[in-house]
Amino acid sequence: MTVKQTPLLVALLLCLSLSACSQQPQKTDQLYLALGAQAGLEQLVDGLLLEIEQDQQIVHHFQDTDIPRFRRLLIEQLCELSGGPCTYTGATMQESHTGFQISQADFDNLVTHLMTVMQRQKIDIKAQNQLLALLAPMYKDVVYR
Ligand code: HEM
C-alpha cells in the first residue's frame with residue numbers, strides 16, 4: 001500500500017466503526033438503556049408529541065395523521081435503532097414522508113424539540129448525541145419528498 005492510500009483507508013475504517021455513518025441498529029442495547037428503555041422512549045415520544053402540538057410551523061403536517069399509530073411506530077423505531085428488543089414495522093422514512101413537503105426548517109424544529117425533551121428527561125449527553133447521529137442520515141428521506 002502506498003503512503004497516499006493510507007489516510008483514505010484510515011478514514012474508511014473510522015467511518016465504518018462510527019454508528020453515525022450507518023442507519024443500522026446498534027449492536028448492543030447500551031443506548032436503549034441510556035434512553036430509559038421502553039418507559040423512557042414512551043416518555044420521550046409523548047414529550048415530543050406535546051412539543052409538536054404546540055409548534056404552529058409543523059403541526060399542520062400531522063392534521064390527518066393517526067397519532068396513536070404514529071406514536072407506536074416512532075417508539076418502535078427508536079427502540080430498534082438504539083439496540084432495544086423491537087422490530088420496526090412501519091413504512092420506510094421515504095415512503096412515510098413523501099407528499100408532505102417537509103422543509104429543512106421543519107426538520108430542524110423537530111430535532112430541536114427532541115433535544116429539548118431529552119434534556120428535560122436528563123438523558124446523558126453522550127446518549128443524546130448518539131441518538132441524534134442515528135437520526136441525522138434520515139434527513140435526506142424526510143425533507144422535500
Ligand atoms: C429523523 C426524523 C424523523 C423520524 C425518525 C420520523 C419517523 C417517523 C415514523 C416512524 C413515522 C411512521 C411511519 C408509518 O406511518 O409507517 C413517521 C410518520 C410521519 N412523520 Fe416523521 N419522522 C421524522 C421526521 C419528520 C419531520 C421533520 C416531520 C414534519 C415536521 C415528520 C412528519 C411526519 C408525518 C406527518 C408522519 C405521518 C404520515 C402519515 O400520517 O401517513 N416527520 N415519521
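### Regarding the site of the ligand
Right, so step 1: The environment of the ligand is made up of 23 residues, and the closest members are H61, T65, R69, A91 and H97.
Right, so step 2: At 2.8 Å, a side-chain N or O of R69 approaches an oxygen atom of the ligand.
Right, so step 3: The backbone of A91 places a nitrogen or oxygen atom 2.8 Å from an oxygen atom of the ligand.
Right, so step 4: Given that more than half its atoms are within 2 Å of the pocket grid, the ligand belongs to the largest pocket.
Right, so step 5: Looking at the shell around the ligand, the elements that each hand over two or more residues are α4 (67-81), α5 (93-97) and α6 (104-120).
Right, so step 6: Here the element with the most residues in the shell around the ligand is α4; it accounts for five residues.
Right, so step 7: Looking at side-chain class alone, the shell around the ligand contains 15 nonpolar, six polar and two charged residues.

### Thoughts on the state of the cysteines
Right, so step 1: All told, the structure shown has one disulfide when counted by the stated rule.
Right, so step 2: Note that C79 is cross-linked by a disulfide to C86, the S-S spacing being 1.8 Å. Every disulfide takes its handedness from the sign of the S-S torsion; for C79 and C86 that torsion is 75 degrees, giving right-handed.

Cut-offs applied
Residues numbered from 1 in each chain as written. Predicted model: local features only at pLDDT ≥ 70, side-chain atom pairs only at ≥ 80, totals over all residues. Heavy atoms only, no water. Near = heavy atom within 4 Å. Polar contact = N/O pair within 3.5 Å; in protein donor to acceptor, adjacent residues only side chain to side chain. 1 Å grid on protein atoms, 1.4 Å probe; cavity = no way out; pocket = protein on both sides within 12 Å on 5 of 7 lines; lining within 4 Å. Sits in = over half its atoms within 2 Å of the grid points. Helix = DSSP H or I, 4+ residues; strand = E, 2+ residues; numbered from the N terminus. Nonpolar A, V, L, I, M, F, W, Y, C, P; charged D, E, K, R; others polar. Disulfide = S-S within 2.5 Å.

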